[in-house]
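Here is what each chain is made of, one letter per residue.
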Amino acid sequence: MARNSRLAALVRAERANAALSWLLVTVVAASVVASVPRDPVWVVFALVTAAVAVLPPLAFGDARAMLPWEVLALAALPTVGRALAAPGLTSDLSTYVGVAALALVVAVELDVFTRVRLANWFSVVFVVVATMATAGFLAVLGWLSDLAVGTAFVLPAEPPLTTAQEHAAVTALVQDFIAATAAGVLAAAVFVWYFRRRADASLRLPAELEGVVE
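Residues numbered from 1 in each chain as written. Predicted model: local features only at pLDDT ≥ 70, side-chain atom pairs only at ≥ 80, totals over all residues. Heavy atoms only, no water.

Counted by the stated rule, this structure contains two aromatic pairs. Considering the side-chain rings of Phe60 and Phe113, the 5.9 Å spacing of their centres and the 45° angle between planes classify their relative orientation as tilted. Highlighted residues: Phe60 in helix H4 (residues 55-60) and Phe113 in helix H6 (residues 92-113), separated in sequence by 53 residues. Taking the relative accessible area as the measure of exposure, Phe60 reaches 24% and is therefore partly exposed. Residues Trp121 and Phe122 carry aromatic rings whose centres are separated by 5.7 Å and whose planes lie at 85° to one another, so their mutual orientation is edge-to-face. Residue classification places Phe122 among the partly exposed positions, given a relative accessible area of 35%. (Phe/Tyr/Trp six-rings, centres within 6.5 Å; stacked < 30°, edge-to-face > 60°. Helix = DSSP H or I, 4+ residues; strand = E, 2+ residues; numbered from the N terminus. Buried < 20%, exposed > 50% of the residue type's maximum accessible area, 1.4 Å probe, protein only.)

What follows is the structure, encoded as structure tokens:
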């Protein structure tokens, strides 16, 4: 038990947290290289995730001002899974867990690194709506990729489409939005239960930044 307590304290220390977070950002950025030839839509998502993650250290000029490594791990898992084509990490559910994790990243950044304090009910609404919006953005990117380079993210690979194919494509898109909504609800619950009540991310800030954030 004592060893577990020491480990928990270690990963919650500001320097250890920053090191783990930067490692995860590096992994996400590296996965972009593997995804470029076959998954251009996910390249955009990975780049956005990495860019959002590094906003706090850039804004404060301190490499230790990083998000909790746990939330970046949630965002990195499906990104790396798609890059490696790992079974179980490329499913629609895992994809939208990644999308929801990006919304969670934004919510945690607002809550920790700005003077904005989101009420719990608004946090839930914000994360769910942001997840659905991101899913819609990815759907539009996928459709454009299908038209431009012949991928099959939204549309079947061989046009023209039959009525049955159009119906199947629309049904799949609606199912994706339902999955995104469910993932957003899960991410919102994680934000309220874990990052608000059990793991105060502000405690991992460098001491000299605490007054600035407040």
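Once that is clear, we can look at the confidence of the model for the protein chain. Model confidence for the protein chain is summarised by a mean pLDDT of 75, while 70% of its residues fall at 70 or above. Mean pLDDT across the elements of the protein chain ranges from a minimum in helix H1 (residues 2-12), with 44, to a maximum in H4, with 88. Note that residues 1-11 has pLDDT below 50 and, in this model, six contacts with residues that lie over four places away or in other chains. (pLDDT = per-residue confidence, 0-100. Contact = heavy atoms within 4.5 Å.)

Together, Trp121, Phe122, Val125 and Val129 line one region of the surface with nonpolar side chains, adding up to about 410 Å² of accessible area. Within the secondary structure, Val125 is located in helix H7 (residues 120-149). Val125 sits in the partly exposed class, given a relative accessible area of 41%. (Patch = residues over 30% accessible without salt bridge, like charges linked within 9 Å, V, L, I, M, F, W, Y side chains within 5 Å. Areas by Shrake-Rupley, 256 points an atom, 1.4 Å probe, with all protein chains shown as cover. Salt bridge = Lys/Arg side-chain N within 4 Å of Asp/Glu carboxyl O.)

A few words on empty space enclosed by the protein. Per the counting criterion, the structure on display carries one cavity of 30 Å³ or more. Empty space within the largest cavity amounts to approximately 40 Å³. Around the largest cavity, the lining residues are Leu24, Val25, Val28, Thr49, Ala50, Ala53, Leu72 and Ala76. If you list the elements that add at least two residues to the lining of the largest cavity, you get helix H2 (14-35), helix H3 (40-53) and helix H5 (69-84). Looking at the lining of the largest cavity residue by residue, the class counts come to seven nonpolar, one polar and no charged. (1 Å grid on protein atoms, 1.4 Å probe; cavity = no way out; pocket = protein on both sides within 12 Å on 5 of 7 lines; lining within 4 Å. Points joined across faces, edges and corners; volume = space filled by probe spheres on them. Nonpolar A, V, L, I, M, F, W, Y, C, P; charged D, E, K, R; others polar.)

If you walk through the whole model with that rule in mind, you get one salt bridge. The salt bridge partner of Arg64 is Asp62, with a shortest N-O separation of 3.0 Å. Considered together, Arg64 and Asp62 belong to a single accessibility category, that of buried residues.

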